[in-house]
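This is what each chain is made of:
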Amino acid sequence: MQTVLFSTRKGLFAAEGSAGRVRVRSVGFLGDNCVLSMVDPRDGAWYTALNLGHFGSKLHRSDDRGATWREVAVPVYPERPADRPVNPRENMGRPAPWVLNLIWALEPGGADEPGVLWCGTLPGALFRSADRGESWTLVEPLWYMPQREEWFGGGAPWPGMHSVCVDPKNSRRVLVGISCGGVWLTEDGGATWRVQAKGMRAAFMPPEQAFDENIQDPHRMVQCPSSPQRLWVQHHNGIFRSDDGAASWQEIGEAGPSTFGFATAVHPDDPDRAWFIPALNDERRVPVGGRVVVTRTSDGGKTFETLTRGLPQQNAYDIVFRHSLAIDRSGDRLAFGSTTGGAWITEDGGNSWTALDARLPPIYAVTWA
Amino acid sequence: MPRIRFTRHLERHVACPAGEVAGESVRAALEHYFASHPAVRSYVLDERGALRTHVAIFIDGVSVSDRATLSDSLSPDSTIDVMQALSGG
């Protein structure tokens, strides 16, 4: 089995398994808050973002699969220009400081862009590195556009960019997802942007604004690598699918016990096959009936199976955050982890799951390595 | 010259030996220190130059009053302590 990285509140745990058992093989950054990790398929580098409670956000890179780490740069916000006074209406009346609060998305650039990385942050911004994280540049057109000030925080004080999808067939086509700022697209590598959330529905807004594209709350957006026109979003108010590269979105009305949740994954070669981990609803973010389940569609969202084998089916209150469900390149292996430290792995697309033989700290992100 | 020393919590992340610093304000003293220990800056200050929310600085045992511009003044025999503020989790 491949390695799975669990980024947790108290360290980075690398797990491996065989013969039906999955165990922690190594621990990095023990005691430190690891918010997410990324494995770059182009050069094999591992990246882990830390949020040191006292000392700020940090980013580390390993070129030897976690044996040693080196601190690299983090994105730095610019100073507010004199001709850009604070808009008192920004972020629903709570203007965000131009200071890095959290690294919330980290993705490699295209195969034709060695060394390029994208980083999404709180407050909601996108940064680009051309040198494997040694330095970062703010994507200014997105940060300085007036519509950005209409975004607002959902579950956090500031809007946050959590999903970055680089089109595998066109590296200059990049989609980003923001809570709460909808989905934005560039087709020229970041120079110009337009919102792409048509069809998404926000029940948390007054009815007249429910379909406003710029305030939607996608919790997580994933793109099918072999069919980049197909995207899946687990949204605050349900599940949405796009068949046209995010130009429009269709809501999926039913998906097993609930359409509320945070995480989603799509099969790398089959755009109709996607996974979700439902919770009861916005008001009560617990598994339905105390049972941890994964829902899976294999027909583009027409029908869903509810997968339970190997998952706790009573008195379980695990919640899975948006970066905590991951699929590997085979499409058969998935792993997820919960905020109560539960972690499970499947090697058959979710038909059966094996629990990690450990009690981990709260899990914030899961990554195949 | 004022003396500066750091919480051992920070030493776990970045080398920050105690030392003597020049300057008549906290800002000046920190800048003097960062000139020879540049990696320490981002652990103590955010990118706006303000003291990080969960970092505390004491001058001779008294916490600084100006966390934004760090204008609190020093005397030549001051001791600056850079500590972690208490927080949960």
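Rules of the game
- Residues numbered from 1 in each chain as written.
- Chains lettered and ligands numbered in written order.
- Predicted model: local features only at pLDDT ≥ 70, side-chain atom pairs only at ≥ 80, totals over all residues.
- Heavy atoms only, no water.
- Contact = heavy atoms within 4.5 Å.
- Buried area = accessible area lost by both parts, 1.4 Å probe.
- Salt bridge = Lys/Arg side-chain N within 4 Å of Asp/Glu carboxyl O.
- Polar contact = N/O pair within 3.5 Å; in protein donor to acceptor, adjacent residues only side chain to side chain.
- Helix = DSSP H or I, 4+ residues; strand = E, 2+ residues; numbered from the N terminus.
- Buried < 20%, exposed > 50% of the residue type's maximum accessible area, 1.4 Å probe, protein only.
- 1 Å grid on protein atoms, 1.4 Å probe; cavity = no way out; pocket = protein on both sides within 12 Å on 5 of 7 lines; lining within 4 Å.
- Points joined across faces, edges and corners; volume = space filled by probe spheres on them.
- Nonpolar A, V, L, I, M, F, W, Y, C, P; charged D, E, K, R; others polar.
- Pairing = 2+ DSSP bridges.

Novice: Can you walk me through the interface of chain A and chain B in this structure?
Specialist: Taken residue by residue, the interface counts 19 residues in chain A and 18 residues in chain B. Where chain A abuts chain B, roughly 1,400 Å² becomes buried across the two surfaces, and 48% of that area is made up of carbon and sulfur atoms. The largest share of the area that chain A buries against chain B comes from His 54, Phe 55 and Val 99 of chain A, three residues that together contribute 47% of it. Applying the counting criterion to the chain A and chain B interface returns 1 salt bridge. For Asp 32 of chain A, the salt bridge identified is with Arg 12 of chain B, shortest N-O distance 2.5 Å. Where chain A packs against chain B, one counts 10 residue pairs in polar contact (both at pLDDT 80 or more).

Novice: How should I be thinking about the side chain of Ser 171 of chain A in this particular structure?
Specialist: All names here are of chain A. Secondary-structure assignment places Ser 171 in the loop between strand 12 (160–166) and strand 13 (174–179). Overall, the relative accessible area of 8% leaves Ser 171 in the buried class. Of the polar contacts made by the side chain of Ser 171, one reaches the side chain of Asp 112; its length is 2.4 Å. Ignoring anything within four residues of it in the chain, the contact list for Ser 171 reads Gly 110, Ala 111, Asp 112, Glu 113 and Val 166.

Novice: It is not clear to me how the layout of surface pockets should be interpreted in this structure. Could you clarify?
Specialist: By rolling a water-sized probe across the atoms, one finds the places where empty space is left. All names here are of chain A. Roughly 1,400 Å³ of internal volume is contained in the largest pocket. Contributing to the lining of the largest pocket are 45 residues, with Pro 41, Glu 107, Pro 108, Pro 225 and Ile 327 lying nearest its centre. The set of elements that each furnish at least two residues to the lining of the largest pocket consists of strand 4 (34–39), strand 8 (102–108), strand 12, strand 16 (218–223), strand 20 (260–266), strand 24 (325–327) and strand 28 (363–368). Residues belonging to the lining of the largest pocket are distributed by class as follows: 26 nonpolar, 11 polar and 8 charged. Looking at the second largest pocket, its volume works out to about 1,100 Å³. Around the second largest pocket, the lining is made up of 40 residues, and of these Asn 101, Leu 102, Leu 122, Ala 156 and Pro 157 lie nearest the centre. A breakdown of the residues in the lining of the second largest pocket according to their chemical character gives 20 nonpolar, 15 polar and 5 charged.

Novice: For this particular structure, what's the right way to read the pattern of salt bridges?
Specialist: Side chains carrying opposite charge are able to pair once their charged atoms draw close together. Residues and elements named next belong to chain A. Scanning the model with the defined rule gives 24 salt bridges over all chains in all. Of the charged contacts in the structure, one is a salt bridge between Glu 187 and Arg 173, with a shortest N-O distance of 3.4 Å. In this pair, Glu 187 sits in the loop between strand 14 (182–186) and strand 15 (194–195) while Arg 173 sits in the loop between strand 12 and strand 13, placing the two residues 14 residues apart along the sequence. Asp 243 is the partner of Arg 241 in a salt bridge, and the nearest nitrogen-oxygen pair spans 2.9 Å. For Arg 241, a relative accessible area of 17% corresponds to the buried category. Bridged by salt links that share partners, the residues Asp 43, Arg 61, Asp 63, Arg 70, Arg 132 and Glu 134 form one connected network.

Novice: Would you explain the pairing of strand 10 (residues 125–129) of chain A in this entry?
Specialist: On a regular strand, one side chain projects to one face of the sheet and the next to the other, so that they alternate. Residues and elements named next belong to chain A. For strand 10, a buried count of 4 out of 5 residues is recorded, marking the element as mostly surrounded by other parts of the structure. Pairing of strand 9 (residues 117–122) with strand 10, which is carried by 5 bridges, proceeds in the antiparallel orientation. Looking across to strand 10, one finds that Trp 118 is bridged to Arg 128. Linking strand 9 to strand 10, which pair antiparallel, is a turn of 2 residues. One ladder, built from 2 bridges, connects strand 10 with strand 11 (residues 137–138); its direction is antiparallel. Its bridge partner lying in strand 11, Arg 128 is registered against Thr 137.

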